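# Structural overview
Now for the letters of each chain:
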Amino acid sequence: GSFAEFGKQWYQRRVRGDTVFIHYNIARIAHIRKLYGQMEKLTNEIDIEMLDLDIEWALVCQLVNFENVFEQALIYPIKNCKNEGQVNLNIHKLLQFLVKLVKLFSKYYSSTKVITYDQKESLVIRMNTRMLLVNSVFDLLNFCLTKIFGVPLVLMI
């Protein structure tokens, strides 16, 4: 079968508890995105310096580390395959990365107010910046689940 089919089967068989936790947090992100999308905002400006919480920077660092994990999990094994037709992918590294990302996001979600209804400009800019972070987490999860593991994200947004 295809690589996507292999990824989907591996994902479904291997880690049921982790997948439930991942999808639960995707639903949390979808809720935040829906609320944010329905709001009228004073400005669309962002300011990265407004990410001043340790958990926000932990999320940023995890997101930045994706390229390295992706390379270790998929690219490096394919490039260095000595036995044609048999590649030992390190797909578990990718799943470990996703679980860590989602645990960080869950902690962030529980401790941080992302959406604000106060139209004070500085608070709107903080919200916009936090939404950039939330959307980055969503985009990465969406990419990994749909493109690598072949698991469609069905969200009611």
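Residues numbered from 1 in each chain as written. Predicted model: local features only at pLDDT ≥ 70, side-chain atom pairs only at ≥ 80, totals over all residues. Heavy atoms only, no water.

## Quick look at the packing of aromatic side chains
Applying the stated rule across the entire model yields six aromatic pairs. Summarising the aromatic geometry, the rings of Phe66 and Phe70 are spaced 5.6 Å apart at their centres and angled 45 degrees between planes, so their arrangement reads as tilted. On the criterion of helical spacing, the pair formed by Phe66 and Phe70 is a turn pair, its members being four residues apart in helix H4 (residues 66-79). When its relative accessible area of 12% is taken as the criterion, Phe66 is described as buried. Seen in terms of ring centroids, Phe66 and Phe143 are 6.1 Å apart; in terms of plane orientation they differ by 85 degrees. Their pairing is edge-to-face. (Phe/Tyr/Trp six-rings, centres within 6.5 Å; stacked < 30°, edge-to-face > 60°. Helix = DSSP H or I, 4+ residues; strand = E, 2+ residues; numbered from the N terminus. Buried < 20%, exposed > 50% of the residue type's maximum accessible area, 1.4 Å probe, protein only.)

## A short note on the packing of helix H5 (residues 91-111) against helix H6 (residues 121-148)
Two packed helices can be described by the angle between their axes and the distance between those axes. Closest axis-to-axis distance for the H5/H6 pair is 11 Å, and the angle between their directions is 150 degrees. By the angle between their axes, H5 is roughly antiparallel relative to H6. When you trace H5 past H6, the crossing you get is left-handed. Contact with H5, carried on its side by Ile91, Leu94, Phe97, Leu98, Leu101, Val102, Phe105 and Tyr108, involves Arg130, Leu133, Val134, Val137, Leu140, Leu141, Cys144 and Ile148 of H6 and no other residues of that element. For the contact of H5 with H6, a count of residues per class yields 15 nonpolar, no polar and one charged. (Axes fitted to C-alpha atoms, helices over the stretch in contact; angles between N-to-C directions. Parallel < 35°, antiparallel > 145°, perpendicular 65-115°, else oblique. Left-handed = near helix turned anticlockwise from the far one by under 90°. Contact = heavy atoms within 4.5 Å. Nonpolar A, V, L, I, M, F, W, Y, C, P; charged D, E, K, R; others polar.)

## Digging into the environment of Asn90
The topology assignment puts Asn90 in the loop between H4 and H5. The class for Asn90 is partly exposed, based on a relative accessible area of 22%. Residues Asn90 and Ala73 lie 17 residues apart in sequence; the distance between their C-alpha atoms is 4.3 Å. Not counting residues up to four positions away in its chain, the partners in contact with Asn90 are Gln72, Ala73 and Pro77.

## Observations regarding H6
End to end, H6 covers 39 Å across 28 residues, agreeing with the expected 40 Å (1.5 Å per residue, within 8%). Gly150 lies just past H6 and shows a positive phi near 70 degrees. (Expected span 1.5 Å × (residues − 1).)

## A closer look at the pattern of salt bridges
For the structure on display, the rule yields two salt bridges. Here Arg126 and Asp52 are joined by a salt bridge, their closest N and O atoms 3.4 Å apart. Here Arg126 is found in helix H6, whereas its partner Asp52 is found in the loop between helix H2 (16-38) and helix H3 (54-64), with 74 residues between them in sequence. With a relative accessible area of 47%, Asp52 lands in the partly exposed category. (Salt bridge = Lys/Arg side-chain N within 4 Å of Asp/Glu carboxyl O.)

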